[in-house]
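Geometric and topological summary
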Amino acid sequence: MAEDQGKRDSLSMSMKGCRTNNGFVQNEDILEREPDGGSSEDNPQPSTLAVDGLDVHDFKGVQPYAGMPKEVLLQFSNQARYRVPREILFWLTVASVLVLISITIAIISLSPKCLDWWQAGPMYQIYPRSFKDSDKDGNGDLKGIQDKLDYITTLNIKTVWITSFYKSSLKDFRQGVVDFRAIDPIFGTMKDFENLLAAVHDKGLKLIIDFIPNHTSEKHAWFQLSRNRTGKYTDYYIWHNCTHENGMTTPPNNWLSVYGNSSWHFDEVRKQCYFHQFLKEQPDLNFYSPDVQQEIKEIIQYWLGKGVDGFSFDAVKFLLEARHLRNEIQVNKSQNPDMVTNYLDLFHDFTTTQVGMHDILRSFRQTMDQYSREPGRYRFMGTEVSEENADRIMMYYGLPFIQEANFPFNNYLTKLDIPGNSDFNQAIMSWMENMPEGKWPNWMIGGPDHSRLTSRLGKEYVNVMNMLILTLPGTPITYYGEEIGMSNTLFSNLNESYNVNTLLSKSPMQWDNSSNAGFSEGNQTWLPTSSDYHTVNVEVQKTQLSSPLKLYQELSLLHAKELLLSRGWFCHVGSVGDDSDAVVYTREMDGIDRVFTMVLNFGQSTSIINLAEMISGIPSTVNVKLSTNSANKDSVVQTSAIKLDKGEGFILEYKTTKFLHLQTALRHRCFVSSQACYSSVLDILHSLC
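Residues numbered from 1 in each chain as written. Predicted model: local features only at pLDDT ≥ 70, side-chain atom pairs only at ≥ 80, totals over all residues. Heavy atoms only, no water.

What to know about the overall build of the chain
The criterion, for reference: Only DSSP runs of H or I with at least four residues qualify as helices, and only runs of E with at least two residues qualify as strands; both kinds are numbered from the N terminus onward. Burial classes follow relative accessibility: with a 1.4 Å probe on protein chains only, a residue under 20% of its type's maximum area counts as buried, one over 50% as exposed, and anything between as partly exposed. Contacts were defined at the residue level, with two residues in contact if any of their heavy atoms lie within 4.5 Å. Accessibility throughout is a Shrake-Rupley quantity obtained with a 1.4 Å probe, and a residue counts as covered only by protein chains that appear here.
Helix and strand counts for the chain come out as 17 helices and 30 strands. In the chain, which comprises 689 residues, the share counted as buried stands at 52%. Excluding contacts between residues fewer than 6 apart, the proportion of contacts in the chain whose partners are at least 24 apart in sequence is 67%. Of the roughly 32600 Å² of accessible surface on the chain, a fraction of 52% belongs to carbon and sulfur atoms.

Comments concerning the side chain of asparagine 516
Filter applied, for reference: Nitrogen and oxygen atoms within 3.5 Å of one another constitute a polar contact, given that in protein one can donate a hydrogen and the other can accept it, and given that sequence-neighbouring residues count only through two side-chain atoms.
For asparagine 516, the position within the fold is in the loop between strand S19 (475–479) and helix H14 (538–542). According to the relative accessible area criterion, asparagine 516 is buried, its value standing at 15%. In terms of polar contacts, asparagine 516 uses its side chain to reach the backbone carbonyl oxygen of serine 520, at 3.2 Å. Of the polar contacts made by the side chain of asparagine 516, one reaches the backbone oxygen of glycine 522; its length is 3.0 Å. Apart from residues no more than four positions distant in its own chain, asparagine 516 is found in contact with Gly522, Thr525, Thr529 and Tyr533.

Focus on empty space enclosed by the protein
Using the following cut-off: Cavities and pockets are found on a 1 Å grid laid over the protein atoms alone: a cavity is a set of points where a 1.4 Å probe fits but cannot escape, a pocket is an open set with protein on both sides within 12 Å along at least five of seven lines, and a lining residue has an atom within 4 Å of such a point. Grid points are joined across faces, edges and corners, and a volume is the space filled by probe spheres set on the points. Residues are sorted three ways: Asp, Glu, Lys and Arg are charged, Ala, Val, Leu, Ile, Met, Phe, Trp, Tyr, Cys and Pro are nonpolar, and all the rest, Gly among them, are polar.
Applying the stated criterion across every chain yields a total of 2 cavities of 30 Å³ or more. When its volume is computed, the largest cavity comes out at roughly 110 Å³. If you go around the largest cavity, you meet 15 residues; those closest to its centre are Trp440, Pro473, Arg567, Gly568 and Ser673. In the lining of the largest cavity, the residues fall into 8 nonpolar, 5 polar and 2 charged. Reported here for the second largest cavity is a volume of approximately 40 Å³. What lines the second largest cavity is Thr586, Glu588, Val595, Ile615, Tyr654, Thr656, Lys658, Phe659 and Leu660. Taken together, the residues that form the lining of the second largest cavity break down as 5 nonpolar, 2 polar and 2 charged.

Thoughts on the pattern of salt bridges
To be explicit about the condition: Note on definitions: salt bridges are taken to be side-chain nitrogens of Lys or Arg within 4 Å of carboxyl oxygens of Asp or Glu.
In the structure shown here, the tally under the stated rule is 21 salt bridges. One salt bridge in this structure joins glutamate 295 and lysine 232, with 4.0 Å as the shortest N-O distance. Taken together, the residues glutamate 295 in helix H8 (residues 290–306) and lysine 232 in the loop between helix H7 (221–227) and strand S8 (239–240) connect sequence positions 63 residues apart. Its relative accessible area of 11% is what places glutamate 295 among the buried residues. Two residues, lysine 625 and glutamate 653, come together in a salt bridge whose shortest N-O distance is 3.9 Å. In this pair, lysine 625 is assigned in strand S24 (residues 621–627) and glutamate 653 in strand S27 (residues 649–655), connecting sequence segments 28 residues apart.

Remarks on the pairing of strand S14 (residues 380–383)
The following threshold applies: A pair of strands counts as paired when DSSP detects no fewer than two bridges linking them. We call a crossover right-handed when, viewed with the strands running away from us, the connection from the first strand over the helix to the second turns clockwise.
What you see with S14 is no split at all: Phe380 and Gly382 on one side and Met381 and Thr383 on the other are buried throughout. Taken together, the 4 bridges between strand S13 (residues 310–313) and S14 define a ladder with parallel strand orientation. Residue pairing in the sheet places phenylalanine 313 in a bridge with threonine 383 of S14. In this region the chain leaves S13, passes through helix H9 (residues 357–369) and returns to the parallel neighbour S14; the handedness of that crossover is right-handed. Pairing of S14 with strand S17 (residues 407–408), which is carried by 2 bridges, proceeds in the parallel orientation. Bridging across to S17, threonine 383 finds its partner in proline 408.

Focus on the state of the cysteines
To keep it simple, the criterion reads: By disulfide we mean two sulfur atoms from cysteines, separated by a distance within 2.5 Å.
Scanning all chains against the criterion turns up 3 disulfides. Here cysteine 242 connects covalently by a disulfide to cysteine 273, the sulfurs 2.0 Å from one another. The chirality of the disulfide connecting cysteine 242 with cysteine 273 is right-handed, given an S-S dihedral of about 90°. Placement of the pair is cysteine 242 in the loop between S8 and strand S9 (243–245) and cysteine 273 in strand S12 (residues 272–275), with a sequence separation of 31 residues.

Observations concerning the packing of aromatic side chains
For the record, the criterion: Here a Phe, Tyr or Trp ring, Trp counted by its six-membered ring, pairs with any other such ring whose centre lies within 6.5 Å, and the pair is stacked when the planes are under 30 degrees apart, edge-to-face when over 60, and tilted otherwise. Two conditions define a charge sitting above a ring: the NZ of Lys or the CZ of Arg must be within 6 Å of the ring centre, and it must be within 35 degrees of the ring normal.
Tallying each qualifying case throughout the model produces 44 aromatic pairs. Aromatic pair phenylalanine 131 and tyrosine 480: ring centres 6.2 Å apart, planes at 90°, arrangement edge-to-face. In this pair, phenylalanine 131 is assigned in the loop between strand S3 (123–126) and helix H4 (142–147) and tyrosine 480 in the loop between S19 and H14, connecting sequence segments 349 residues apart. Tyrosine 480 gets classed as buried once you look at its relative accessible area, which sits at 0%. Its guanidinium or amino end placed over the ring of tyrosine 302, arginine 181 lies 5.8 Å from that ring's centre, counting from NZ or CZ. Across the ring face of tyrosine 480, the terminal group of arginine 452 is positioned such that the distance to the ring centre comes to 4.7 Å.

In short, geometric facts, not functional conclusions.
Spelled out as structure tokens, the structure:
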């Protein structure tokens, strides 16, 4: 009975006044209102709420309380003092979201394109046979490169570029490839390559490799099938009938090999002549064959699938030849045709840069683009285009809406071998003035096929040349050893059949002053080390504050940190009067009130440069940010008389708002690939300049 009585009391409390407190204690100051028996249905009160099955109540004067039922909550939510703030907050939230979206869209639309990895820092070109020997056989290899990646990172390098390492014959520096999908045993195994590639990526670097699609080795399986007229391989190479009697061959025309003499060679198996632009052991592929183009595409896909970040396509101007086989025109028309044997004796209008060649390169680009869709995995494409005029070179950049190479490799500076003339200014401006708008330049001072800088110009110019390429706009490219000033090597005996003149720059890397310059622990190296390795090596220069290596590291670090150098305007100031030996240019950017001015002396004697006459508004004194002579670093110089010794260079820093690229008189000498301005308030780049 007691239990039933408790239930009735609980029910009475919960229903009293039709209010349920749901476990909360109601404020004591809330007065319970009983239904007014005298109220009439004809006189309803505005605060009365009718609920099915419940009494009607008037909530006027009642304050919100914890645990109020939904009906009460809805009554209060419609009151202006609650509704208006809620609506204000809602519309403020909507407005804020719209503002944030608008700001995001504005930032994206006004932001300049970010630099890609191949633009962000120097490339380091390695001839693998000469970099580091890991197995004591006297030949550099892939494991050796992997062992030295820590050193490469100290140079602030962004991209490692390895020249040809494919399985090949010993002809022409391993460029006569036997198998494009295999590693030559001298360099290691495919597993070694995969380990190297993974290690490069672990260091935050990128890896590009050489690829020469123009020709193969005569030992390649394709050639063996072609000479036997096997199926589709019959036309993989360029065959033509020719006369061969008594050991003498009469070729189809007068075309010459790059290395001299006829570019046609009689094959005893097929009884025809095949065409070779280079050595007779390197027959040219027939790129008019769709099957050949498909084979090359699949090879590109194979290495991209391995994870390489790009290619340097070599000898691309030789990909196609004229089908009519007409004789090429002699340079000296009075010369006896039978005596025309040197490659330079002919104009090569029918064997280089033929119509359709650029279409093939664009197909390479399209293949690489298919592997560039993942964020951060863009694949780079460069082309080697030596001995071409400026107009032809610039065509390798592609068309405004049809991309080809990211850039053709610029070897203008590698040809300079006489200090003390205006060729340096001309080499720089020739590229910048002819480069299509919005394209990206690059600069190199050495390579496997060029004499080393020290041997061309002299050791006095090593620092100033490195300062030049690391402060010009674009991507600097350093051939291994140029950062320490290595020179050509001399030798007398060589077991392999090479052109000795092109071996000079391929001597082993000089790591220290131990036996074989630290390149190999073997008894003999494939090429002798240079005689100066006791003093010109990495370990020695690490300890010298004024060494070429230390300066290179400072310059590459400055290039990485400074927007002025990576993205700023380049304005060539040129020379005044007789100061043709000096190269003077500025790097500046809208929004940054600092300017770098490079003053470099490539003359053979001391020069006095009057910058005050060359640059209007320059302060009378400026700071030396970096100098090829470490003693001058952080000093102050008078701009009216800057003294530069032979091969000396300054990076000058000063504040100004009188930018040269805004001055009408110098606007035609100022260039920028992708214009960007800096906002110091937001600390961002934008394109609203």
